[in-house]
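Breakdown of the fold
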Amino acid sequence: MNPEQFKQALEEHGITLSEKQMKQFDTYYKLLVEWNEKMNLTAITEQNEVYLKHFYDSATLGLTNPELELNQLTLCDVGSGAGFPSIPLKIIYPNLQVTIVDSLNKRITFLNHLVEALELDQVETYHARAETFGQNPQFRGQFDLVTARAVAKLSVLSEFCLPLVKKGGQFIALKAAHTPTELEEAKAAIATLGGKIETDQDFDLPGDGGQRHILHIRKTKETPKKYPRKPGIPLKKPL
């Protein structure tokens, strides 16, 4: 998927990118490749692959959530890595208020440089463990949307993310593929943490981009105060 195909694919979903936004994505790509030579940000560096498997893949969260375009929402991206999905979403939806948390300080350094280069406002980055961040009263229960595009099991991601969602908001998990077993195993954890599974969508990226899966979980009640547990425990002993 080259840049023009990326623009066209979004237009098919009713999203028209301006020349400025296309330049922001171009700058993003160039900085990603440049910084990737100094640190491990991504294994995907070929332009067509980045536009498909990082930029377009991140945009699918917005394509399944029309409210991103309609409202000025707050979004927290947990374990953002090189800025996916939050930075592509911020470029597409400039009114989005973005908070990024990542446990690796060098990735935060890259993201701070990226945000400045792209001239993005209302983006805050934090170097922290998700477990600690979720217990901070400043952030707990404060976000309309919390997302994670990670390889951790859904039960673990739910413990990282649901405490940060405000009641009535959503935790949106982006997974590489639909795994019914993983979802079944996570149902009890999601309920314990105050969530309710709302929609469960699987689809294929354009071309041979592979299968993707988006799970929308609504926060229906407050998360018990003991969650998330201390750093390391959710991964060692998933709910």
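Below you will find a few notes about this structure. Just so we're clear, the structure is a prediction, and the values are computed from it rather than from any experiment.

1. Notes on the overall build of the protein chain
Within the protein chain, the regular secondary structure consists of 10 helices and 7 strands. Since a compact globule built from 239 residues should have a radius of gyration of about 18 Å, the 17 Å found for the protein chain is in line with a globular shape. By principal-axis analysis of the C-alpha atoms, the protein chain measures approximately 45 × 35 × 30 Å. By residue count, 52% of the 239 residues in the protein chain fall in the buried class. Residue pairs at least 24 apart in sequence account for 68% of intrachain contacts in the protein chain once pairs closer than 6 positions are excluded. When the accessible surface of the protein chain is summed, it comes to about 11000 Å², and 48% of that surface belongs to carbon and sulfur atoms. Mean positive and mean negative side-chain charge positions of the protein chain (28 and 30 charges, respectively) differ by 11 Å.

2. Digging into the pairing of strand β7 (residues 211–219)
Judged by how many residues are buried, β7 sits mostly within the fold: 7 of 9 residues are covered. In the sheet, strand β5 (residues 165–175) pairs with β7 via 6 bridges, with the strands oriented antiparallel. From the neighbouring strand, L174 faces β7, where its bridge partner is I214. Strand direction decides the pairing type here: strand β6 (residues 195–204) and β7, joined by 9 bridges, are antiparallel. Bridge pairing links G195 to K219 in β7. Count of turn residues in the β6/β7 antiparallel hairpin: 6 residues, of which G207 carries a positive phi of about 65 degrees.

3. Notes on the packing of helix α2 (residues 19–36) against helix α6 (residues 105–117)
Running from amino to carboxyl end, α2 crosses α6 at an angle of 150 degrees, the nearest separation of the two axes being 11 Å. Classed by the angle they form, the pair α2 and α6 counts as roughly antiparallel. In the crossing of α2 with α6, the sense of the turn from one axis to the other is right-handed. Packed against α2, whose contacting residues are Y28, L31, L32 and W35, the element α6 presents T109, F110, H113, L114 and A117 at the interface.

Reading the values: the criteria
- Residues numbered from 1 in each chain as written.
- Predicted model: local features only at pLDDT ≥ 70, side-chain atom pairs only at ≥ 80, totals over all residues.
- Heavy atoms only, no water.
- Helix = DSSP H or I, 4+ residues; strand = E, 2+ residues; numbered from the N terminus.
- Rg over C-alpha atoms; globule rule 2.2 N^0.38 Å.
- Buried < 20%, exposed > 50% of the residue type's maximum accessible area, 1.4 Å probe, protein only.
- Contact = heavy atoms within 4.5 Å.
- Areas by Shrake-Rupley, 256 points an atom, 1.4 Å probe, with all protein chains shown as cover.
- Lys, Arg positive; Asp, Glu negative; His and termini not counted.
- Charge placed at Lys NZ, Arg CZ, Asp CG, Glu CD.
- Pairing = 2+ DSSP bridges.
- Axes fitted to C-alpha atoms, helices over the stretch in contact; angles between N-to-C directions.
- Parallel < 35°, antiparallel > 145°, perpendicular 65-115°, else oblique.
- Left-handed = near helix turned anticlockwise from the far one by under 90°.

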